[in-house]
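An overview of the molecular structure
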Amino acid sequence: MSVYQATASAPVNIACIKYWGKRDTKLILPTNSSLSVTLDQDHLRSTTTSRADASFKKDRLWLNDTEEEIKEGGRLATCISEMKRLRREVEEKDASQPKLSSYYVHICSRNNFPTAAGLASSASGFAALVASLAALYKLPASPSELSLIARQGSGSACRSLFGGFVAWQMGSLPDGSDSLAVEVAPQSHWPDIHALICVVSDDKKGTSSTSGMQRTVETSTLLQHRIAHVVPARMEAISAAIQARDFDAFARITMQDSNQFHAVALDTDPPIFYMNDVSRAIIALIVEYNRVSVANGGKLKAAYTYDAGPNAVIYAPKENIKEIVELIVKYFPQPEAFKDPFGLFGAAGVGEGKLVDGFNPAVAKPFGVGAVKNLIHTRVGDGPRVLRAEEALLGTDGLPK
Ligand code: DP6
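Keep in mind that what you see is a predicted model, and the values were worked out from it rather than measured.

Section: the site of the ligand
- Around the ligand, a shell composed of 17 residues is seen, among which Tyr19, Lys22, Ser154, Gly155 and Ser156 lie nearest.
- Measuring from an oxygen atom of the ligand, one finds a side-chain N or O atom of tyrosine 19 at 2.6 Å.
- Side-chain polar atom of arginine 75 to an oxygen atom of the ligand: 2.8 Å apart, as the coordinates give it.
- Alone, the ligand offers 460 Å² of accessible surface; in the complex the protein occludes 94% of this.
- For the shell around the ligand, the leading source of residues is helix α4 (residues 209-219), giving 3 residues.
- Looking at the shell around the ligand residue by residue, the classes come out as 7 nonpolar, 5 polar and 5 charged.

A look at the pairing of strand β2 (residues 13-17)
- Among the 5 residues in β2, 5 count as buried, and that is most of the element.
- In this sheet, strand β5 (residues 34-38) lies alongside β2 in antiparallel orientation, the contact comprising 4 bridges. Of the residues in β5, the one forming a bridge with alanine 15 is serine 36.

Section: the sheet that holds strand β12 (residues 193-200)
- The sheet built from 4 strands is open, its strands ordered β13-β14-β12-β15 with antiparallel pairing. Taken across any chain shown, the strands that pair with only one partner, and hence form the sheet edges, are β13 (303-305) and β15 (372-379). Strand after strand, the sheet turns through a mean of 20° between neighbouring axes, direction not considered.
- Sheet strands touched by helix α7 (residues 277-295): β12, β13, β14 (312-317) and β15. Its angle to β13, the strand with the most contacts, is close to 165°.

Things to note about the domain arrangement of the protein chain
- Domain annotation for the protein chain reports domain 1 (4-190 + 387-391) and domain 2 (193-379).
- Each of domain 1 and domain 2 has a C-alpha centre, and the two are 27 Å apart.
- Counting residues at the interface gives 32 residues for domain 1, matched by 47 residues for domain 2.
- Summed over both partners, the interface of domain 1 with domain 2 buries about 3400 Å², with 67% contributed by carbon and sulfur atoms.
- Ranking the residues of domain 1 by area buried against domain 2 places Lys18, Trp20 and Trp190 at the top, with a combined share of 29%.
- The partner of aspartate 307 in a salt bridge is lysine 18, and the shortest N-O contact between them spans 2.6 Å.
- Counting across the interface, domain 1 meets domain 2 through 14 residue pairs in polar contact (both at pLDDT 80 or more).
- Only β2, β5, β10 (165-169) and β11 (180-185) provide two or more residues apiece to the side of domain 1 that touches domain 2.
- Among the residues making up the side of domain 1 that touches domain 2, the classes are represented as 18 nonpolar, 10 polar and 4 charged.

Rules used throughout
- Residues numbered from 1 in each chain as written.
- Predicted model: local features only at pLDDT ≥ 70, side-chain atom pairs only at ≥ 80, totals over all residues.
- Heavy atoms only, no water.
- Near = heavy atom within 4 Å.
- Polar contact = N/O pair within 3.5 Å; in protein donor to acceptor, adjacent residues only side chain to side chain.
- Areas by Shrake-Rupley, 256 points an atom, 1.4 Å probe, with all protein chains shown as cover.
- Helix = DSSP H or I, 4+ residues; strand = E, 2+ residues; numbered from the N terminus.
- Nonpolar A, V, L, I, M, F, W, Y, C, P; charged D, E, K, R; others polar.
- Buried < 20%, exposed > 50% of the residue type's maximum accessible area, 1.4 Å probe, protein only.
- Pairing = 2+ DSSP bridges.
- Axes fitted to C-alpha atoms, helices over the stretch in contact; angles between N-to-C directions.
- Contact = heavy atoms within 4.5 Å.
- Domains from an automatic or database assignment.
- Buried area = accessible area lost by both parts, 1.4 Å probe.
- Salt bridge = Lys/Arg side-chain N within 4 Å of Asp/Glu carboxyl O.

This is the structure:
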């Protein structure tokens, strides 16, 4: 008897031009285009195994070993039924294909990073779900076509169907068929872009992206200005910066857009605050680090960006990451030794950190151990990968291993 099963992994992406606002909440159509960097799956990824079998009694999904309800009409159910629809098209064209679209599926998904880290896992999660079903169903679909479906799981997930530098074109059609992800440049175009994620300790339950952005759409006048007059030019300018590997321009636009996203959150009624004192201190450090470089006749050396939470993501060319880690560690002593995947520090490790010459130490006050819980050093990475059968998360019984 044949086993119909496939496993895929998909990356996390962090936006430089932020998606914030929907014009259609069911189809997940955004009010502006956005652009992100795909991060390396060697460090952060979701892995998903999907299996179709005539004996299964219903569609089931396990996320990090806990079974999740697949609510009728919900985002998961939409993605699964859209993928079955594409499979049906394959079966209608080629009668010799097994009728997998009529079978229920079992889906098992795991992240290799803790949910508690506060890193958005919905983007990599829905991208891995769509990629594994596309492999299971042997769909001829392109990453852009698959992004149309991942988008309906979580907007930002559509950008995780590509590696490198990725735009989500907002589109204009009411059915959403032109609201999809496209590759701006592959990972190989600019592999030197690295990222340092500062995982910031956060006790309070923040406002979710989904509800926060809807409130912004309903109440913020600044959002309307952003949509009409700011984002279109920034999308052009940052795409050109990426094509030209112009880090200075890339950094400037990335920081401006993070700032404006948090400004529209503040312009929401009631206001939404995603950054905290630690987030703002990291901004002050990066601003000062860049100021020193420019004062010495250089260019911007790092860019911060923040999503709907207090964590900082710092983009920088690889050659600057050592200085940036030393800077962050100086103000934010680490509870555990820095994991050094690129071997920047050798056996002695980071130590207590240090500041570059000319850095004004008074721009921020030092924090206690654990204010920044963890530092993750990664870089721009590739798109979803189809994995070997041995890496499957479902056992022979069709249940999580
Ligand atoms: C701040 O994609 O999580 O990270 O579409 O409602 O699932 P839904 O929202 P989501 O929002 C992400 C918002 C952001 C910016 C971005 O990734 O572009």
